[in-house]
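An overview of the molecular structure
Read off the chains here:
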Amino acid sequence: MPADVTTEYLLLATAIMFLVTFGLRSLVFLAFGGGRKPPQVILYIGGVISPAIIAALIVYCFRNTTLLSRPHGLPELLATATCVLLHLWKRNPLISIIVSTIVYMILVQRVF
Amino acid sequence: MHFTRRVVLASFRASVPVLLGYLAMGFAAGILLAKQSGAGALWAFATSVSSVSGALQFLLVDWFTHPTSLLTIALVTVSINLRYALYGLPLIERWKHLPWLLKAYMILTLTDETFALEVENKFPEGEDSLTYCFTIAALDHFYWVVGVVAGALAGHAVEFNAKGIDFAMTALFMVILLDQLQTRTNRAPALVGLGGALCGLAIFPQNMLIPSIVIILTLLLTLRSRLEVSHAR
């Protein structure tokens, strides 16, 4: 693991994110430009990976939540409830994200 | 390509929802980058212009704050952006005759939202479809970079308590998942992701992402026959 956040590290990190993301986006054009069909297993993983990874990232976002000591994850719980209920009601991503983030900021700054 | 007032206006009109979304989300990601990692607007520009990826723009804030192994960065980037690898499928034929540099730019800017608009392809009659799509791609790209850079500048210029603003990333993922869960076939894979990530977190609390991804991929491949049955339904 690198010892520090150096300019060199940031440059490498930026380059890797670019190369991987651009590489993924160009993959089908390179591999299947000639009309060949992608293998079934690739299509299958491509179809199911997105919800799986997004769910995993939500867990990742909550990895530092303290459940056993105060405030017992209450700010996270309340902000999550705000986000989910608002979204099920309005289905407007911007409103859900902005309102729940403001709720969370008020909770961690002023209440708990 | 053939730019007329009419086709550019049509592209702009189609991109207005993206304008609002990208400016707001980009702004939040930019503030987060400035407040949490201290990285300047130049890094906000470099990352947003080259990767053009919403989830990644938030995740990289962690990596720019706490040095992370480059292998983790690569693997996590692959798994959150793997869906992009399939986006080209409906576009291969249409883009077959584009000059390579232009094609590379269209590929670079292929986000969820831009992809949706390009597949929809509602160009005005008598105008050129590729001009319409290119203008949308360039506008969306521009909105995203402006949002992120403006957020980073604001984060450095304005003194305010940003504690808790990182919840925007959590909320973003929850909103994406809630929309995906409307499609029945996404529900089982989401459960697999949830279970796999909880296992990863339990075993490696400090470094959960790579183990979680390995567990999830293994589960998805093991459960393939059952998940595909539910797909066919």
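Before reading on, note that the structure itself is shown above.
1. Re the overall build of chain B
When helices and strands are counted, chain B shows 12 helices and zero strands. What you see in chain B, going N to C, is helices and strands ordered as α-α-α-α-α-α-α-α-α-α-α-α. In summary, chain B has a C-alpha radius of gyration of 19 Å against a globular reference of 17 Å for 233 residues, a match within 12%. Of all 233 residues assigned to chain B, the portion counted as buried reaches 52%. Taking contacts inside chain B between residues at least 6 apart in sequence as the whole, the part at least 24 apart equals 75%. Here chain B holds 15 positive side-chain charges and 14 negative ones, and the gap between their average locations is 6 Å.

2. Looking at the interface of chain B and chain A
Contact with chain B, which involves 87 residues of that partner, is made by 68 residues of chain A. Here chain B meets chain A over a buried area of about 6900 Å², counting both sides, of which 79% is carbon and sulfur. One can count two salt bridges joining chain B with chain A. Across the pair aspartate 62 of chain B and arginine 63 of chain A runs a salt bridge, and its minimum N-O distance is 3.4 Å. Linking chain B with chain A are 18 residue pairs in polar contact (both at pLDDT 80 or more), by the criterion used here. The leading source of residues in the side of chain B that touches chain A is helix H9 (residues 167-181) of chain B, at 14 residues.

3. Observations concerning the packing of aromatic side chains
Inspection of every chain in the model, using the stated rule, returns nine aromatic pairs over all chains. Between the aromatic rings of tyrosine 104 of chain A and phenylalanine 167 of chain B, the centroid separation amounts to 4.8 Å while the plane-to-plane angle is 20°, which identifies the pairing as stacked. Placement of the pair is tyrosine 104 of chain A in helix H4 (residues 93-111) and phenylalanine 167 of chain B in helix H9, with the two residues belonging to separate chains. When sorted by exposure, tyrosine 104 of chain A lands in the same class as phenylalanine 167 of chain B, which is buried. An angle of 10° between the planes, with centres 4.1 Å apart, marks the rings of tyrosine 87 of chain B and phenylalanine 115 of chain B as stacked. Separated by 28 residues along the polypeptide, tyrosine 87 of chain B in helix H5 (residues 84-87) and phenylalanine 115 of chain B in helix H7 (residues 112-120) bring together distant segments of the chain. Of the two residues, tyrosine 87 of chain B and phenylalanine 115 of chain B, both sit in the buried class. Cluster of aromatic residues (ring-pair linked, three or more members): Phe3, Tyr105 and Phe134 of chain B. The ring of tyrosine 84 of chain B carries arginine 25 of chain A above its face, with NZ or CZ at 4.1 Å from the centroid. Above the ring of tryptophan 89 of chain A, the side-chain terminus of lysine 90 of chain A is found at 4.5 Å from the ring centroid.

4. As for a nonpolar patch on the surface
All names here are of chain A. A cluster of nonpolar residues, Leu74, Leu77, Leu78, Ile98, Ile102, Ile106, Val111 and Phe112, forms a patch on the protein surface that exposes about 710 Å² of accessible area. Residue assignment for the nonpolar patch shows that the elements contributing at least two residues are helix H3 (74-90) and H4. When residues of the nonpolar patch are assigned to their parent elements, the largest contribution, four residues, is made by H4. Within the secondary structure, valine 111 sits in helix H4.

5. A look at the environment of glycine 155 of chain B
Residues and elements named next belong to chain B. Along the chain, glycine 155 falls in helix H8 (residues 129-157). Relative accessible area serves as the criterion here: at 6%, glycine 155 is assigned to the buried category. Linking glycine 155 and phenylalanine 27, residues 128 residues apart in sequence, is a C-alpha distance of 9.2 Å. Filtering out sequence-adjacent residues up to four positions away, glycine 155 remains in contact with Ala34 and Lys35.

6. Some points on unusual backbone geometry
Backbone torsion omega between arginine 70 of chain A and proline 71 of chain A reads 0°, so that peptide bond is classified as cis. Residue position: proline 71 of chain A is located in the loop between helix H2 (40-61) and H3. Positive phi outside glycine occurs at arginine 91 of chain A, with the angle close to 55°. Summarising the element assignment, arginine 91 of chain A is placed in the loop between H3 and H4. Backbone geometry at valine 52 of chain B places phi at a positive 50°, although glycine is not the residue there.

7. Examining the packing of helix H1 (residues 5-37) of chain B against H7 of chain B
Residue and element names in this part refer to chain B. In the contact formed by H1 and H7, the axes pass within 11 Å of each other and the chain directions differ by 175°. With respect to H7, the element H1 is oriented roughly antiparallel. Of the residues in H7, those touching H1 at Ala14, Ser15, Val18 and Tyr22 are Glu113, Thr114 and Leu117. The residue makeup of the contact of H1 with H7, split by class, is four nonpolar, two polar and one charged.

8. Section: the environment of phenylalanine 115 of chain B
All names here are of chain B. For phenylalanine 115, a relative accessible area of 18% corresponds to the buried category. For the pair formed by phenylalanine 115 and alanine 137, sequence separation is 22 residues and the distance between their alpha carbons is 8.6 Å. Not counting chain neighbours up to four residues away, the residues in contact with phenylalanine 115 comprise Tyr87, Pro90, Leu91 and Leu110.

Parameters at a glance
- Residues numbered from 1 in each chain as written.
- Chains lettered and ligands numbered in written order.
- Predicted model: local features only at pLDDT ≥ 70, side-chain atom pairs only at ≥ 80, totals over all residues.
- Heavy atoms only, no water.
- Helix = DSSP H or I, 4+ residues; strand = E, 2+ residues; numbered from the N terminus.
- Rg over C-alpha atoms; globule rule 2.2 N^0.38 Å.
- Buried < 20%, exposed > 50% of the residue type's maximum accessible area, 1.4 Å probe, protein only.
- Contact = heavy atoms within 4.5 Å.
- Lys, Arg positive; Asp, Glu negative; His and termini not counted.
- Charge placed at Lys NZ, Arg CZ, Asp CG, Glu CD.
- Buried area = accessible area lost by both parts, 1.4 Å probe.
- Salt bridge = Lys/Arg side-chain N within 4 Å of Asp/Glu carboxyl O.
- Polar contact = N/O pair within 3.5 Å; in protein donor to acceptor, adjacent residues only side chain to side chain.
- Phe/Tyr/Trp six-rings, centres within 6.5 Å; stacked < 30°, edge-to-face > 60°.
- Lys NZ or Arg CZ within 6 Å of the ring centre and 35° of its normal.
- Patch = residues over 30% accessible without salt bridge, like charges linked within 9 Å, V, L, I, M, F, W, Y side chains within 5 Å.
- Areas by Shrake-Rupley, 256 points an atom, 1.4 Å probe, with all protein chains shown as cover.
- Axes fitted to C-alpha atoms, helices over the stretch in contact; angles between N-to-C directions.
- Parallel < 35°, antiparallel > 145°, perpendicular 65-115°, else oblique.
- Nonpolar A, V, L, I, M, F, W, Y, C, P; charged D, E, K, R; others polar.

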